[in-house]
Amino acid sequence: MKSPESPVIVNDEKGVKVSNVDELLAAIEPGANIVLAEGTYNLTEAENYGVNTLYYNWAEMADGYELQILKADGLSIRGAGIGKSSIVTDPRAVDVLSFVGGQNISLAGFTAGHTEASGHCMGDVLSFDGVRNARIDSCDLFGCGYMGVVTSGCRDVLVENSVIRDCSGMAVYSRNCYNVQVENCEIFNCADGGFLMGIHASSGFVLSNSRIHDNPCSPAAAILT
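Residues numbered from 1 in each chain as written. Predicted model: local features only at pLDDT ≥ 70, side-chain atom pairs only at ≥ 80, totals over all residues. Heavy atoms only, no water.

Quick word on the side chain of Asn 42
- Tracing the backbone shows Asn 42 in strand β4 (residues 39-42).
- Asn 42 gets classed as buried once you look at its relative accessible area, which sits at 9%.
- In this structure the side chain of Asn 42 is engaged in a polar contact, spanning 2.9 Å, whose partner is the backbone nitrogen of Thr 44.
- Within the local environment of Asn 42, its side chain forms a polar contact with the side chain of Asp 90, the two groups lying 3.3 Å apart. (Helix = DSSP H or I, 4+ residues; strand = E, 2+ residues; numbered from the N terminus. Buried < 20%, exposed > 50% of the residue type's maximum accessible area, 1.4 Å probe, protein only. Polar contact = N/O pair within 3.5 Å; in protein donor to acceptor, adjacent residues only side chain to side chain.)

Have a look at this one:
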């Protein structure tokens, strides 16, 4: 097994192929093109779990630490495909991947959610705060996870060709954002008796060409604005 200090270089000088959670975390920096090998990357099992670095913090929550990636302009994380590469975490009160600031962020080709355990999640799957130009393509975002994708103070966020499923809260929530688009996605078994989508103080929100089915919320209560 390669150490985090010795990543495999692919494509260009910023490209790294990683095969475990420590290599994944060591590769995070602005402009990095991270390629996940097949496997499960459990953030809770990281050697430096809870230890802050230059490019990410571990924010302490009720039952563990949340990975918050900071101003990682140009960061790309690409997996081997849905069901082949998975990023997960154990604590129920944390977001799986949280991005704070930054622009031109790309996530593609992996599954993300909380590990199976008893009780409901209070944390979300993907969250973006103050991010500009983010793209989530061909990902499987699953509950346990309270909400699938949360954007706050963001601009130009595209979720496409992805699955959002089994989240007890909203599939997508957008607050104080401009131009958030959900396109060609499948959304099911979300919003346990509540709203499927939340749009608050935002403009340019678009949901198109998506298959939405088997959600507990009623059509009349599908969108909270």
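Regarding the sheet that holds strand β12 (residues 126-129)
- Ordered by their spatial adjacency, 8 strands build an open sheet running β5-β6-β9-β12-β15-β18-β21-β24, and the pairing between neighbours is mixed. A single partner strand is all that each edge strand has here, and the edge strands are β5 (56-60) and β24 (223-224).
- Bridge analysis of strand β18 (residues 172-175) against strand β21 (residues 197-200) gives 4 bridges, and the strand direction is parallel. Each residue of the ladder has a partner; that of Ser 174, found in β21, is Ile 199. (Pairing = 2+ DSSP bridges.)

Focus: the pattern of salt bridges
- Taken as a whole and judged by the stated rule, the model has 6 salt bridges.
- When the shortest N-O distance is used, the salt bridge between Asp 137 and Arg 135 registers 3.3 Å.
- Here Asp 137 falls in the buried class, since its relative accessible area comes to 16%.
- Judged by relative accessible area, Arg 135 falls into the partly exposed class, the value being 40%.
- In this structure, the salt-bridge partner of Asp 156 is Arg 155, at a minimum N-O distance of 3.9 Å.
- Among the residues examined, Asp 156 registers a relative accessible area of 23% and is labelled partly exposed.
- With relative accessibility at 36%, the residue Arg 155 sits in the partly exposed group.
- Counted as one network, the salt bridges with shared partners bring together Arg 135, Asp 137 and Glu 160. (Salt bridge = Lys/Arg side-chain N within 4 Å of Asp/Glu carboxyl O.)

Some remarks on the sheet that holds strand β20 (residues 186-188)
- Pairing is parallel across the open sheet formed by 7 strands, whose spatial order is β4-β8-β11-β14-β17-β20-β23. Both outer strands of the open sheet, β4 and β23 (211-213), are each paired with one neighbouring strand and no more. The mean angle between the axes of side-by-side strands here comes to 10°, regardless of whether they run parallel or antiparallel.
- Bridge count for strand β8 (residues 85-89) against strand β11 (residues 111-114) is 4 bridges, and the pairing is parallel. (Axes fitted to C-alpha atoms, helices over the stretch in contact; angles between N-to-C directions.)

Looking at the nonpolar core
- Counting 57 residues, the largest nonpolar core has Ile 34, Ile 87 and Phe 128 as its most contacted members.
- Setting aside anything within four residues of it in sequence, one finds Phe 128 in contact with Phe 99, Leu 107, Ala 134, Ile 136, Val 149, Val 150, Thr 151, Ser 152 and Cys 154. (Core = buried A, V, L, I, M, F, W, Y, C linked by side-chain atoms within 4.5 Å. Contact = heavy atoms within 4.5 Å.)

A look at the state of the cysteines
- In this structure the tally under the stated criterion is 1 disulfide.
- Cys 190 forms no disulfide, and the closest cysteine sulfur to it belongs to Cys 167, at a distance of 4.6 Å.
- In this structure Cys 190 comes out as buried when scored by relative accessible area, which is 0%. (Disulfide = S-S within 2.5 Å.)

Remarks on the confidence of the model for the protein
- On average, residues of the protein carry a pLDDT of 91, and 91% of them reach 70 or more.
- Contacts of residues 1-12 to residues separated by more than four positions or lying in other chains number 20 contacts, the stretch itself having pLDDT below 50. (pLDDT = per-residue confidence, 0-100.)

Here we look at the environment of Gly 109
- Structurally, Gly 109 is set in the loop between β10 (103-108) and β11.
- For the pair Gly 109 and Ser 86, spaced 23 residues apart in sequence, the C-alpha to C-alpha distance is 9.2 Å.
- With residues up to four places along the chain from it excluded, the contact list for Gly 109 reads Gly 79, Ala 80, Gly 81, Ile 82, Ser 85, Asp 137, Ser 138 and Cys 139.

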